[in-house]
Amino acid sequence: MTAVLRTWLAVCCWALTAGFSVLGPAEPVAAVLGANVVLPCSVLIPLPVPGLEIQWTKTDTDTVRTVHLFSEGESWPESQDRRYRGRAELFPEEIRSGNYSLKLKDLRTEDQGEYRCIVSTDSGSANATAEVKALGFSGRHICVLLLSFAALGVSLLTCVPTLLHLLNIKSIFDCEMRAGWWWCLVNCIAPCVLLFPAFILWGVIEGFLQEALTCSTIILMRIMLLLKMSPRLHKLPETYCKILKELSISVVHFALITLITAGKKHHIFSGKCF
């Protein structure tokens, strides 16, 4: 009698799980950049957790990226692509009820595209797709735009008096030699200083911190390059020369530390060790 009951239960379980289908969203899921988004994925009849595997992947790239993997009753963050570590998760308390939706935090531009939810059991597998469509910009994106436009504005506003000073043409902008040098310094330094936090912020938003640190370092080094290329550097007031020499040493040290740090972060995110 016990053997018959076990056989009957096995047949019932097979009937419930063998022909299951996975349901995904009928339309693209829209979200604002920087916000959180949930990609729906579920089954009508809850599947037993033992033997259940849920894998979310991004499929519209050159190589398929693992966004999240649930197997053997737990999530495996080490299997995630580095772009999604700490940002992609399921709803553990709802897995038993058949909800396999993915929560993607801090939406980035590169997150747009097609995702696939693959559900596998001992008796078979099924999948559903979901498309993420990003709308608008977050507050941090707007800050990057404002800093970039501010750098452009300073460059345009100071380029004329700077050029007139370098050409030794008297103008309303250049009443004295010292005032002319101030225009040159503002034109050279201010845009770079404004772009420095813009690069850092963009790297944090989009997850390209290594590239952001490298670009930020280069933009600071550009200050020294522009001053070095100045045809009248020898005519710069002595006080300014002293300040620039001290500043250049600090900038070079900062550049080296930044590049080394960026390299270490790249190895860490890539799973490599020194």
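Because the structure is predicted, anything quoted here is derived from the model rather than measured.

S.K.: Just give me the short version of the sheet that holds strand β3 (residues 37-39), but keep the residues and values in it.
M.R.: Ordered by their spatial adjacency, three strands build an open sheet running β3-β9-β8, and the pairing between neighbours is antiparallel. On the outer flanks of this sheet lie β3 and β8 (88-89), each paired with one strand and no other. The pairing of β8 with strand β9 (residues 102-104) spans two bridges and is classified as antiparallel. Across the sheet, the residue bridging to E89 is K103, located in β9.

S.K.: Any details on the pattern of salt bridges? Residues and values, ideally.
M.R.: The tally for this structure, following the rule as stated, stands at six salt bridges. For K58, the salt bridge goes to D60, with nearest N and O atoms at 2.7 Å. On the accessibility criterion, D60 (40% relative accessible area) is partly exposed. Residue R83 pairs with D81 through a salt bridge whose shortest N-O separation is 3.0 Å. Judged by relative accessible area, which is 24%, R83 ranks as partly exposed.

S.K.: Would you mind going over the pairing of strand β5 (residues 53-58) in detail, with residue names and values included?
M.R.: The sheet contact formed by β5 and strand β6 (residues 65-71) spans six bridges and is antiparallel. Counterpart to K58 in the pairing with β6 is R65. Hairpin connection from β5 to β6: six residues lie between these consecutive antiparallel strands. Bridge count for β5 against strand β10 (residues 113-121) is six bridges, and the pairing is antiparallel. Across the sheet, K58 pairs through a bridge with Y115, a residue of β10.

S.K.: Give me the nonpolar core: which residues, what numbers.
M.R.: Ranked by internal contacts, the top residues of the largest apolar core, which has 32 residues, are V22, L39, I54, W56 and Y100. Those elements that provide at least two residues to this core are β2 (29-32), β3, β5, β6, β9, β10 and β11 (124-135). Per-element tally for this core: the top contributor is β11, with five residues. C188, C192, I223 and M224 belong to the second largest nonpolar core, which has six residues in total.

S.K.: With reference to specific residues and values, describe the confidence of the model for the chain.
M.R.: Detailed reading of the predicted coordinates is not advisable wherever pLDDT falls low. Here the chain averages 77 in pLDDT, and 68% of its residues register 70 or above. Segment residues 7-11 is flagged for pLDDT under 50; beyond a separation of four residues in sequence, or across chains, it makes zero contacts in the model.

Rules and cut-offs
Residues numbered from 1 in each chain as written. Predicted model: local features only at pLDDT ≥ 70, side-chain atom pairs only at ≥ 80, totals over all residues. Heavy atoms only, no water. Pairing = 2+ DSSP bridges. Helix = DSSP H or I, 4+ residues; strand = E, 2+ residues; numbered from the N terminus. Salt bridge = Lys/Arg side-chain N within 4 Å of Asp/Glu carboxyl O. Buried < 20%, exposed > 50% of the residue type's maximum accessible area, 1.4 Å probe, protein only. Core = buried A, V, L, I, M, F, W, Y, C linked by side-chain atoms within 4.5 Å. pLDDT = per-residue confidence, 0-100. Contact = heavy atoms within 4.5 Å.

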